[in-house]
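# Structural overview for review
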Amino acid sequence: MMKNINLKTGVMVVVLALTQASCFDDLNTIPLDKDEITSVEVYKDPASYRKVLAKIYAGLALSGQQGPSGLADISGIDEGFSTYLRQYWKAQELSTDEAVIGWNDGNIHDFHQQDWDANNEFITAMYNRIFYQISLCNEFLRETTEEKLASRGISGNILTDISTYRSEVRFLRALSYYHALDMFRNVPFVTEANAVGNFFPDQINKEDLFSFIETEVKEVEPSLKAPKTNEYGRADQAAAWMLLAKLYLNAEVYIGQNRYTDCITYCNKVIGAPFTLSTNYANLFTADNHLSPEIIFPVLFDGINSKTWGGMTFVVHAAVGGSMNVNDFGIDGGWGGTRTTSAIVKKFTAGKGGDVLISPIDPNPNYARIYAPGGYQGWDPAKAKTFSSPKNDGQFQGYIYFDEPTEFKFTTGPNWDENYGDNGADGTLDQNGANFVIPEAGFYKVNADIPGKKYSILKTSWGLIGSATPTGWDSDTDLKYDSKTNTWSLTINLVKGEVKFRANDGWDLNYGDDGSNASLEEGGANIQIPSDGTYIIKLILDRPEYSYHLEKGSIDSRGMFYTTGQNLEIADISQFTEGYAVSKFKNVTSTGQPGSDKVFVDTDFPLFRLADAYLMLAEAVLRGGAGSSRDQALQYVNALRSRAFKGASGNITDSELNLDFILDERARELLWECTRRTDLVRFGRFSQSTYLWPWKGGVAEGRSTDSKYNVYPLPASDLGANPKLKQNPGY
């Protein structure tokens, strides 16, 4: 079997007939062409059962009966928007701190703003897609009963295969009902036992739906294939165990019951299966991630055989924009849409150890100084910023940061006895002259020649340039200024080579190190980078001897952010360069080769993987579950961190292992993998003011939101069509 379950043309016609009999007529899931073929004819052919199974799996990825568009599965929304995974990603990510989107499609910004209602088209599409998927599963189960198979003369190996198919389809239905429970709680409920036709489905309460999912998955578990013995992309027992573990981990939220011991039981089953952590974290998200030993259950994509504008085509393309090189992502062009917030970026910290190559030199306190009292500090010379004369020749220089427009002067002592300004704003110093005017906030280089009565003030920003940097000697990589530490800093992947610091993207002002002694000289020698790696670099200009810090860092490799030309903080969501871009998912193989198609990607989505089982077990232990120990939980967490930091420098101690750490670690490990909304709800951090992040509630600083948003509303269209449904509280 190839990477994907092959979707031959025949199945595209087959399902037109199958979905015509859906129980969810009110959900607008009727296909457009009603006259292609009947289910009786379909199921006469033994080969069709596998084709229909393929269509059901493809329902998690594709949008309709042909790719990439045309003959859509559901109506009421643009087909490219309508796919299961694309809507699931939006619902789980855009409503949280992990993602924003710059587009203005429909009411997409309701997710950031947490102000959606029952008319939101994207929430409606998610709901419709869930129940379309359930209707496909129900119809397959109706058509594969023992009686119907016997009446068609189905026997032998195909009969055995169909039995396995039925178990997989029941798992897939349970998966969709789990998503319905997680996002909508009390929903309409139909199984294959319901007769085909137009009727009003009953609404099941969350307790009974929880019980149905639990019972269904447990019933099919023994008949699913053992872990890693099924074809790639098809469900096995480990997928069932993962679903049960997730159900139990969230049981207190769903039904008010503590099921953490059960969560541990099924996590242990997964961990005991023949899955192992991928050696290289990044390879989990490449075009050949089907080779990963860690992925338990993926949603499959293939650039040639399964074309869609949703799914991973969306996830990869939408994350690329600004100055990002599309060739690095194996695509034809970026869509410039999705980024992350600073709240997430700040969770990725350095480890506890690194190899410090250059330490800043200590400042010399004995140089002659002048003082710079001004509006920025209350005009007090004794407490003002000073500039030094290293040669004690009346030539003073230094750097100063102003956080707003201001004015200042020079004094030769910590008093006003002798002071200088500039009456003509012409660069000439005048004793008792007018104040120097700083028109805007910034980091300024100041030179003052007291004997020669001249001065200069230059606003600067700083970057790193050189053969060791990703852009070589062609352009800078910007450093970022921290006014609290008075340093410019950058964490960057470098190769063996040379670098320099330069101001304002030009060579008029640059620093190197003539003696390799941490003392920077203007126009000095290139700084040597001894080997490839991730480096922490700090430029220190707030002292007489300009200096720098060079450390080969211990960095969390999961922090896959593109920062060049991107602002950390988001002032305007509509601008792609506001917020760091996430470079995690790529349509490039682990060996650097592009995927099979530059428009439609090959990268699979890892819906379930081993690392999640490690973190679920650790959390369940901390919440009081039995069946594992804190020592074991710590071991699993540190296994993930050892991979992330490429060694033990990121490992934590038992005293650092707590629930807050687990929530943050899940954000680091599972960023953009559709877990965040569920995690934040479980931790009580999704709505209200318990945790604020940029643009929560639609404001830059974040704000409290109503707790009703912990659950999505049932769509108004379905409430209007089915009088048996009752809306979720608050909507």
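Whatever comes next refers back to the structure up there.
This report concerns the structure included in the present document.

Conventions adopted
- Residues numbered from 1 in each chain as written.
- Predicted model: local features only at pLDDT ≥ 70, side-chain atom pairs only at ≥ 80, totals over all residues.
- Heavy atoms only, no water.
- Helix = DSSP H or I, 4+ residues; strand = E, 2+ residues; numbered from the N terminus.
- Buried < 20%, exposed > 50% of the residue type's maximum accessible area, 1.4 Å probe, protein only.
- Areas by Shrake-Rupley, 256 points an atom, 1.4 Å probe, with all protein chains shown as cover.
- Pairing = 2+ DSSP bridges.
- Axes fitted to C-alpha atoms, helices over the stretch in contact; angles between N-to-C directions.
- Core = buried A, V, L, I, M, F, W, Y, C linked by side-chain atoms within 4.5 Å.
- Contact = heavy atoms within 4.5 Å.
- Salt bridge = Lys/Arg side-chain N within 4 Å of Asp/Glu carboxyl O.
- Parallel < 35°, antiparallel > 145°, perpendicular 65-115°, else oblique.
- Left-handed = near helix turned anticlockwise from the far one by under 90°.
- Nonpolar A, V, L, I, M, F, W, Y, C, P; charged D, E, K, R; others polar.
- Phe/Tyr/Trp six-rings, centres within 6.5 Å; stacked < 30°, edge-to-face > 60°.
- Lys NZ or Arg CZ within 6 Å of the ring centre and 35° of its normal.
- Expected span 1.5 Å × (residues − 1).
- Polar contact = N/O pair within 3.5 Å; in protein donor to acceptor, adjacent residues only side chain to side chain.

### Let's talk about the overall build of the protein chain
Within the protein chain one finds 19 helices and 29 strands. By principal-axis analysis of the C-alpha atoms, the protein chain measures approximately 105 × 50 × 50 Å. Looking at the protein chain as a whole, 57% of its 731 residues are labelled buried. Just so you have it, the protein chain exposes about 27300 Å², and 47% of that area is on carbon and sulfur atoms.

### A closer look at the sheet that holds strand S6 (residues 355–358)
With antiparallel pairing, the five strands of this open sheet are ordered in space as S6-S26-S25-S20-S19. Each edge of the open sheet is held by one strand with a lone partner, namely S6 and strand S19 (480–482). Along the sheet, successive strands turn relative to each other by an average axial angle of 25 degrees, direction set aside. Pairing of strand S25 (residues 533–540) with strand S26 (residues 547–552), which is carried by six bridges, proceeds in the antiparallel orientation. Following the sheet pairing, Tyr 535 is matched in S26 by Lys 552.

### Some words on the nonpolar core
With 156 residues, the main nonpolar core has Ile 213, Phe 297 and Phe 608 as its most contacted residues. If we skip the residues at most four places from it in the chain, Phe 608 touches Phe 171, Leu 175, Ala 239, Met 242, Leu 243, Lys 246, Ile 295, Ile 296 and Phe 297. In terms of nonpolar packing, the next biggest core, distinct from the first, is built from 27 residues, Trp 462, Leu 509, Ile 529 and Leu 539 among them.

### Regarding the pattern of salt bridges
Between side chains of opposite charge, a pair can form when the charged atoms approach closely. Going through the model one piece at a time under the given rule, you end up with 44 salt bridges. Where Arg 173 meets Glu 192, a salt bridge forms, and the shortest distance between an N and an O atom there is 2.5 Å. Taken together, the residues Arg 173 in helix H8 (residues 156–184) and Glu 192 in the loop between strand S2 (187–189) and strand S3 (202–204) connect sequence positions 19 residues apart. Here Glu 440 makes a salt bridge to Lys 459, at a shortest N to O gap of 3.2 Å. Here the residue Glu 440 occupies a position in the loop between strand S14 (436–438) and strand S15 (442–449), and Lys 459 occupies one in strand S16 (residues 454–460), the gap between them amounting to 19 residues. Counted as one network, the salt bridges with shared partners bring together Glu 294, Asp 556, Arg 558, Lys 584, Arg 609, Arg 641, Arg 643, Glu 665, Arg 668, Glu 669 and Glu 673.

### Quick look at helix H3 (residues 48–58)
Most of H3 sits out of view: nine of its eleven residues are buried. Taken together, the buried positions of H3 are occupied by Ser 48, Tyr 49, Val 52, Leu 53, Ala 54, Lys 55, Ile 56, Tyr 57 and Ala 58.

### Focus: the pairing of S26
Buried residues dominate S26, accounting for five of its six residues. Bridging between S6 and S26 involves three bridges; their strand directions are antiparallel. Each residue of the ladder has a partner; that of Asp 355, found in S26, is Lys 552. Where S25 folds back onto S26 in an antiparallel hairpin, the turn is made up of six residues.

### Considering the environment of Ile 271
Mapped onto the elements, Ile 271 comes out in helix H12 (residues 260–272). Residues Ile 271 and Lys 480, 209 residues apart in the sequence, show an inter-C-alpha distance of 42 Å. Ignoring sequence-local partners within four residues, the contact set of Ile 271 consists of Leu 610, Ala 613, Tyr 614, Leu 617 and Tyr 636.

### Examining the packing of H8 against helix H9 (residues 206–220)
Contact geometry of H8 with H9 gives a least axis separation of 9 Å together with a crossing angle of 155 degrees. Between H8 and H9, the angle falls in the class roughly antiparallel. As H8 runs across H9, the sense of the crossing is left-handed. Here Ser 167, Arg 170, Arg 173, Ala 174, Tyr 177, Tyr 178 and Leu 181 of H8 lie close against H9, whose contacting residues are Lys 206, Leu 209, Phe 210, Phe 212, Ile 213, Glu 216, Val 217, Glu 219 and Val 220. The residue makeup of the contact of H8 with H9, split by class, is ten nonpolar, one polar and five charged.

### Topic: the packing of aromatic side chains
This structure, assessed with the given rule, holds 51 aromatic pairs. Summarising the aromatic geometry, the rings of Tyr 401 and Tyr 481 are spaced 4.9 Å apart at their centres and angled 40 degrees between planes, so their arrangement reads as tilted. Taken together, the positions of Tyr 401 in strand S9 (residues 395–402) and Tyr 481 in strand S19 put the pair 80 residues apart, joining distant regions of the chain. Here a set of aromatic residues connected by ring pairs shows up, and it is made of Phe 111, Trp 116, Tyr 127, Phe 131, Tyr 177, Phe 184, Phe 189, Phe 212, Tyr 709, Tyr 712 and Tyr 731. Lys 90 extends its terminal NZ or CZ atom over the ring of Phe 314, reaching a point 5.3 Å from the ring centre.

### Structural notes on H12
Compared with the 18 Å implied by 1.5 Å per residue over 13 residues, the 18 Å span of H12 between its first and last C-alpha is a close match. Among all positions of H12, only Tyr 260, Cys 263, Ile 264, Tyr 266, Cys 267, Val 270 and Ile 271 are buried. Along its buried surface, H12 packs onto H9, helix H10 (237–249), helix H11 (251–255), strand S4 (295–299), helix H15 (610–622) and helix H16 (630–645).

### A look at the environment of Ser 292
Checked against the element boundaries, Ser 292 lands in the loop between H12 and S4. In this structure the C-alpha to C-alpha distance between Ser 292 and Asn 280, which are twelve residues apart in sequence, comes to 9.5 Å. Discounting chain neighbours no more than four positions away, the residues touching Ser 292 are Ser 278 and Leu 284. There is a polar contact of 2.7 Å between the side chain of Ser 292 and the side chain of Ser 278. A polar contact of 3.0 Å, which involves the side chain of Ser 292, links it to the backbone nitrogen of Glu 294.

### Regarding unusual backbone geometry
With a phi close to 55 degrees, Asn 504 is a non-glycine residue in the positive phi region. Judged by relative accessible area, which is 35%, Asn 504 ranks as partly exposed. Located in the positive-phi region is Trp 672, a residue other than glycine, with phi close to 65 degrees. With respect to the helices and strands, Trp 672 occurs in the loop between helix H17 (659–669) and helix H18 (676–682). You can call Trp 672 buried: its relative accessible area is 1%.

No statement about biological role is implied by the geometric values presented.
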